[in-house]
Amino acid sequence: MGKSASEALVEAEKLEPSSSAEPLSSALSSARTKLVLVGNPNVGKSGFFNHFSGLYVDVSNFPGTTVEIAHGHYKNYDVYDTPGIYGVSSFNDEERVARDTILSADVVLNVVDATNLERDLFLTLQLIDMRFRMIVALNMMDALHAAGLEIDTQELERILGVPVVEVVAIKKQGFDELESRLREARPGHSDPALQAELQSLISKLKPTANPTADALMILEGDEVISERHGLEPIDKREAIYVARRNRVNEIVAKVYRQKSAARFSAQFSEKLGRWTLHPITGIPILLFALWLIYQVVGVLVAQRVVGHLEVEYGNRLWEPAVKHLFARVTPVSIEVEVLEKDDNGEYQTVERRTFDFPNGTHADPALLEAMKQFMAEKTVMQNFTFSQETLWGKLVVILAGEFGAITMTVTYLLFLLLPLIVGFYLFLALLEDCGYLPRLATMVDRLLNAMGLNGRAVIPIILGFGCVTMATITTRLLNTSREKTIAASILNFAIPCSAQLAVITALLTKAGGEYTLIFFVIILANLIGIGTVIDKILPGKSSALLIDLPPMRLPRLSNVAKKTWIKTLSFMKEASPWFFAGALLISTMQVTGLLDVWIRLFEPITTNWLGLPADAARSFVMGMVRRDFGAAGLYELALSPKQIVVSLTVITLFVPCIASLMVLLKERGLCEAMTIWFGSWILAFSIGGVVAAVL
Amino acid sequence: MILLTEVKKGSRFKVVRIDEKDIRTQLLRFGLGEGSEAVCFERLPLGPIVIKHQRQEVAIGREFANKIWVEPLER
């Protein structure tokens, strides 16, 4: 095959002596090229990534952030996705992570939203100023035409000096051309005066992948990059930004053309966007969205799917299998409950029999066989009681007992938490992809300002109703440490997670409408109260809202699926160890008798101060392990409606589950986590007592 | 010259001055600088101002909007 003219051109370009613009690693011609995808938020970058990397993707969390960098392979390229950013700098976590990945790139694929050149070309020109070998993909050409606009792509390519390819990523149009022109990626036309200034700075730098890029970062006042080179940042950011902004405006004026009036769909999307913003229409839309999430995640997933998975696969398949393994060599007594469905379709125990294995099941095969015979063809639940007389027995209880790290934790993570997390991230991805989330943040901004937060905090708060642990991790997306503290406090003090919500709902149904209302008022008042008080106590002030609102559009399913998968995976990777650690801690407390001491400590408060049965103390303390344990324990007590409200108030305000505590420790430090944890005890019991006295 | 918080919904204006450096640089990246023209797309009661600049909407919290000086333009 003969070389095309353009390929020959690329080779000619490579031979040019201006090799300082070439990243060092590619000049050495390593076998693989690092291709980094860069673009503003919501430009459809993930569609490109999926195309290039196929199904197999590595997801890695950057140390100290939840920002995920996905990484895949395409031919001799290593392809890296980066979070959406408006410019290369260090304003927030997303930017810091994107910055480091971009700075090490050999080739940059810059994805640009064709309908939003004024915004997107700012980043493009910054990348060009960094002298990366790059190629620009003009995405969303269909939306551009729908808006009645046209872009002179050839002119844009001439001005920028890098290949520009028109693409409609969702319809997979233009990918062939993009692939074939990837080899033409080259440094574009930068501002000569700026380049001269950068050249003089480059000689002072330590060796790095792309000296021009690092020099530009230093000139734009980036402290982290300056420090890496042992230099003081030079704050010319504003002058450079203004000059770049002017160049963008000139380019846009040259390449955009209004052809015809906007099509109906574009107008509708704008109207819908307006409706979601204004409270009068926005609140009903929000209520509808929440109702939908509740129906799907709260009812379908949390009750039906989880109910089935947890019992059938966790309690009846996985846990007995593990316990039987330990039972072979451990003194154990196994109680077999035979279950049958009653007229309502609920399981009832119809028969019980206990089998004792004082030397483990291995020592008595005959009895084990008899037990198997007894269980055959029946629906059963097996309850294991391991002897704790020896150290080994205690260890078995820690690993495979009631709260065992191998038994309960695995059931909890795989069959309860995983489906819920998938459900919540799915909705989050849907709402994010259709452009609703930033508008919701805008609508509730005023409300959250009262608690020292800005609109962005609505995301962790909504997630909190799913899983407080997951939501606490998400507080990282907030701008300042102050906002993170406030959000983490609200979440861990006052938001009941979905594990609790199901039981709370069931108990409130027993208590009746009037008491349900009282409960909601109490919890809401606490939520606002806690936020407001912490806002008053903490020094400093929170940052105001500044976000861009992408056009409303139909979510793209492949995108949503990928996002859900990546987020779920990284959550499970990050949170699982803490669930295991928590289970080990609680099991150890159980085995050593500390747990009972603790429960007895709280009995007097529970009976005298709260007016509840002594057994409720056990439920409260169990709530430390898993919040639904606490709520479920209450379900079995005979409580009056008033007692229901008191006890639910206490468990809702009570300490976060042990996994949340672990994440809280990691995210917010020892001092803050402990303040929240001990504060929860005090708050829950004092508010509970007040409610008991008043009602 | 008035503050962005005082601009009527639907009216056009020109950004004259932004009183905080941080907002200035961040808005520049969104495509808005001193001298840019935009429209007030929506005003939330006591809340953020949403402006529309070319085809892009940006929500600006009230506290920031109180630092942005604009010149109303005739339609």
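How each quantity is defined
- Residues numbered from 1 in each chain as written.
- Chains lettered and ligands numbered in written order.
- Predicted model: local features only at pLDDT ≥ 70, side-chain atom pairs only at ≥ 80, totals over all residues.
- Helix = DSSP H or I, 4+ residues; strand = E, 2+ residues; numbered from the N terminus.
- Rg over C-alpha atoms; globule rule 2.2 N^0.38 Å.
- Axes fitted to C-alpha atoms, helices over the stretch in contact; angles between N-to-C directions.
- Parallel < 35°, antiparallel > 145°, perpendicular 65-115°, else oblique.
- Left-handed = near helix turned anticlockwise from the far one by under 90°.
- Contact = placed C-beta atoms within 7 Å.
- Nonpolar A, V, L, I, M, F, W, Y, C, P; charged D, E, K, R; others polar.
- Pairing = 2+ DSSP bridges.
- pLDDT = per-residue confidence, 0-100.
- Domains from an automatic or database assignment.

Peer 1: How would you sum up the overall build of chain B? Please name residues and give values.
Peer 2: In terms of regular secondary structure, chain B is built from 2 helices and 6 strands. If you list the helices and strands of chain B from N to C, you get β-β-α-β-β-β-α-β. Taken over C-alpha atoms, the radius of gyration comes to 11 Å for chain B, in line with the 11 Å a tight globule of 75 residues would show. Taking the principal axes of its C-alpha atoms as reference, chain B extends roughly 25 × 25 × 25 Å.

Peer 1: Break down the packing of helix 12 (residues 237–255) of chain A against helix 1 (residues 21–30) of chain B for me, citing the residues and quoting the values.
Peer 2: The contact between helix 12 of chain A and helix 1 of chain B brings their axes to 10 Å, and the two run at 25°. Here helix 12 of chain A lies roughly parallel to helix 1 of chain B, going by the angle between them. Classified by chirality, the crossing of helix 1 of chain B by helix 12 of chain A is left-handed. Facing Arg237, Glu238, Tyr241, Val242 and Arg245 of chain A of helix 12 of chain A, the residues of helix 1 of chain B in contact are Arg24, Thr25 and Leu28 of chain B. Tallied by class, the residues present in the contact of helix 12 of chain A with helix 1 of chain B amount to 3 nonpolar, 1 polar and 4 charged.

Peer 1: Run through the sheet that holds strand 12 (residues 379–386) of chain A, naming residues and quoting values.
Peer 2: Residues and elements named next belong to chain A. Strand order in the open sheet made by the 3 strands is 11-10-12, with antiparallel pairing throughout. The sheet is open, and its two borders are formed by strand 11 (347–357) and strand 12, each paired with just one other strand. Across the sheet, the mean angle from the axis of one strand to that of its neighbour is 20°, orientation sign disregarded. Against the sheet, helix 14 (residues 279–327) engages strand 10 (332–341), strand 11 and strand 12, with an angle of about 40° to strand 12.

Peer 1: Describe the sheet that holds strand 13 (residues 546–549) of chain A, naming the residues involved and giving the relevant values.
Peer 2: With antiparallel pairing, the 7 strands of this open sheet are ordered in space as 13(A)-5(B)-4(B)-3(B)-2(B)-6(B)-1(B). With partners counted over all chains shown, the strands left at the sheet margins are strand 13 of chain A together with strand 1 (2–3) of chain B, one partner each. As paired strands, strand 1 of chain B and strand 6 (residues 68–72) of chain B are joined by 2 bridges and run antiparallel to one another. Bridging across to strand 6 of chain B, leucine 3 of chain B finds its partner in tryptophan 69 of chain B.

Peer 1: Which residues make up the confidence of the model for chain B, and what values go with them?
Peer 2: Residues and elements named next belong to chain B. Per-chain confidence: chain B averages 90 in pLDDT, with 99% of residues scoring 70 or above. Of all helices and strands in chain B, the one with the weakest mean pLDDT is helix 1 (86), whereas strand 6 scores best (95). Both confidence scores are given for the complex: pTM 0.81, ipTM 0.94.

Peer 1: Tell me about the domain arrangement of chain A, and name the residues and values.
Peer 2: Residues and elements named next belong to chain A. Looking at chain A, the domain boundaries give domain 1 (24–258) and domain 2 (413–694). The gap between the C-alpha centroids of domain 1 and domain 2 is 39 Å. Contact with domain 1, which involves 13 residues of that partner, is made by 13 residues of domain 2. The set of elements that each furnish at least two residues to the side of domain 1 that touches domain 2 consists of helix 3 (45–53), strand 2 (58–61) and strand 3 (68–74). Of the residues in the side of domain 1 that touches domain 2, the class split is 3 nonpolar, 8 polar and 2 charged.

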